[in-house]
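The primary structure of each chain is shown beneath.
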Amino acid sequence: MSTTDAFDDNDFSSESTLAPALVEAMLACVAEPDAASTELLQNLATSNNPRFWDSKNRSEQWCDKNGRPFTMRFPAILEPEGRHSRLDPYFSLPALRQPVIRDIRTAKAQFQLKVLDDTYPTEAVNCSVKAQNTLMYIASECEKGRKADGREVVQFMRSSGTGIGAERQFIIHSDHLFPDASEATQDAVPEFSLEDFESKHAKGLHCCMLKLLGIDVIKERFSPKKKKTSNSGVRGITDWTVKDLPDPRGLYRSAIELHGIEDVAVTVPDVRDAAGVLIHPSEYSQKITTAVPVVVHVNLRLWSFAPDSERRPKGSRVYQTGLISMRLLPTTGAAKGLFAKPAAKGTDGKGKRKADGPAGQGSPTKRGAGQSKAA
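Remember, it's a predicted structure, so these values are computed and weren't measured experimentally.

Draft legend 1. The overall build of the protein chain, seen in detail. The secondary structure content of the protein chain amounts to nine helices and eleven strands. Counting across all 375 residues of the protein chain, residues that qualify as buried make up 42%. Restricting to contacts in the protein chain with at least 6 residues of sequence separation, those with at least 24 account for 73%. When the accessible surface of the protein chain is totalled, it reaches about 21200 Å², and 51% of it is carbon and sulfur.

Draft legend 2. Spotlight on the side chain of R158. Tracing the chain through its elements places R158 in strand 5 (residues 157-159). Buried and unpaired, R158 has no salt bridge, with E152 as the nearest side chain of opposite charge at 10 Å. A polar side-chain atom of R158 sits 3.5 Å from the main-chain carbonyl oxygen of Q155. Those residues within four positions of R158 in sequence are excluded, and the remaining contacts are H84, Q110, E167, R168, Q169, I171, H173, V318 and Y319.

Draft legend 3. Expanded view of the pairing of strand 2 (residues 71-78). The buried fraction of strand 2 is high, at seven of eight residues. Here eight bridges tie strand 2 to strand 10 (residues 292-305), and the two strands are oriented antiparallel to one another. Bridge pairing links A76 to V294 in strand 10. Of the strand pairs in this sheet, strand 2 and strand 3 (residues 110-114) are connected by two bridges, and their pairing is antiparallel. What sits directly across from L78, in strand 3, is L113.

Draft legend 4. Structural context of the pattern of salt bridges. Enumeration over the complete set of coordinates arrives at 13 salt bridges. For D34, the salt bridge is made with R73, and the minimal N-O distance between the two is 3.0 Å. Of the two residues, D34 is situated in the loop between helix 1 (20-30) and helix 2 (38-41) and R73 in strand 2; the sequence distance between them amounts to 39 residues. Here the two residues D34 and R73 agree in accessibility, since each one is buried.

Draft legend 5. Just the side chain of K108, in detail. With respect to the element layout, K108 can be found in the loop between helix 3 (101-105) and strand 3. Summary of buried charges: K108 has no salt-bridge partner, and the nearest side chain of opposite charge, D175, is 8.6 Å away. Setting aside its immediate chain neighbours within four residues, K108 contacts R86, F91, S92, H173, S174, D175, L177 and Q320.

Draft legend 6. Just the environment of F70, in detail. Inspection of the secondary structure puts F70 in the loop between strand 1 (60-61) and strand 2. A sequence separation of 20 residues divides F70 from P50, and the C-alpha atoms of the two residues are 9.8 Å apart. If near-sequence neighbours (up to four positions away) are discounted, F70 is found in contact with L40, L44, W62, C63, D64, T134, V298, N299 and L300.

Draft legend 7. Here's a closer look at the packing of aromatic side chains. Applying the stated criterion across every chain yields a total of eight aromatic pairs. Aromatic side chains F111 and Y284 sit 5.4 Å apart centroid to centroid with 65° between the ring planes, which places their arrangement in the edge-to-face category. A residue pair is termed long-range when its members are at least 10 positions apart, and F111 in strand 3 and Y284 in helix 8 (residues 284-287) qualify at 173 residues. The same class applies to F111 and to Y284, which are both buried.

Draft legend 8. Here's a closer look at the pairing of strand 10. Taken across its 14 residues, strand 10 has twelve buried, putting it largely inside the fold. As paired elements, strand 1 and strand 10 share two bridges and run antiparallel to each other. Bridging across to strand 10, E60 finds its partner in L302. As defined by bridge partners, strand 10 adjoins strand 11 (residues 316-328) across twelve bridges and the pair is classed as antiparallel. Looking at strand 11, one finds that S304 is bridged to R317.

Scoring rules and cut-offs
- Residues numbered from 1 in each chain as written.
- Predicted model: local features only at pLDDT ≥ 70, side-chain atom pairs only at ≥ 80, totals over all residues.
- Heavy atoms only, no water.
- Helix = DSSP H or I, 4+ residues; strand = E, 2+ residues; numbered from the N terminus.
- Buried < 20%, exposed > 50% of the residue type's maximum accessible area, 1.4 Å probe, protein only.
- Contact = heavy atoms within 4.5 Å.
- Areas by Shrake-Rupley, 256 points an atom, 1.4 Å probe, with all protein chains shown as cover.
- Lys, Arg positive; Asp, Glu negative; His and termini not counted.
- Salt bridge = Lys/Arg side-chain N within 4 Å of Asp/Glu carboxyl O.
- Polar contact = N/O pair within 3.5 Å; in protein donor to acceptor, adjacent residues only side chain to side chain.
- Pairing = 2+ DSSP bridges.
- Phe/Tyr/Trp six-rings, centres within 6.5 Å; stacked < 30°, edge-to-face > 60°.

The values reported here are purely geometric and, on their own, carry no functional implication.
Set out below in structure tokens:
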């Protein structure tokens, strides 16, 4: 469907159980050039894929035929209470032990999404299914050349339950939320004068003075750089630090006491509500309380890990769908005019869009939005 197709109120059936604003938003997603489709898959590079693309990232990444990262956009249903969801307050931090500094530095939000069902517009359902099929195909092709190494494999799509017939869901990973968290140490160089050089007791006295001042001569801990704060007294959504996060179990407080990370900035992923307002990670569970339709934009990565004698003796390979952006879709309201209104090819003299199906059938929008898809 082209964004130049014109719509009027009759295009969004009054009998549909879906809000016209939702139908329109889903069709706008499908019209994007990077929406999941057969054509998009054909733009995937056929050799040296995946590859190491970003020197700052230790994962491989799939690229297109132009050598750019391969990205994909599709509609789906976000399930905040899903088995694989990892939202606030502690995101992907371990639940049964005190996190170490590496856990905090690599913590991320994790979103579980499911493929659209047939109650949504046909075009949107097809796009959602194509996204699932793209991930399954890419992983299958990759494993043909790598499965001989015997590594344990974690797929893009993961089971929503423990049963054999459980549905497989999209698992979308944000970037690290606290990438600057660290426990850096640096050798301290004590002040030492010529007078100290001549005194046989200088070293001992100097060390005592340093210890009285709380300074360790052998090692001195340096906290990460503190983020400058505004004097206005108003904290913006991107101004949060670790000490500002809700902490019902005291995990952040313990980490602050151990590692001095209170001023480490919180990275805010591009997750927005239906009005386009950025949602802070600390508010995911408040702003996303039930399953809701979304449009998500992702990249595709592959992580390979060395053998772990305790858990994975042959190593592991993890297929990861990385979050670029996600937006919740409106579930109420009229269409917002996302499509151009002027008449274009495929419209009649009154400016209404002609049906693409055989005579006697409604437009695809109507069929997908509220009518059955009988063959």
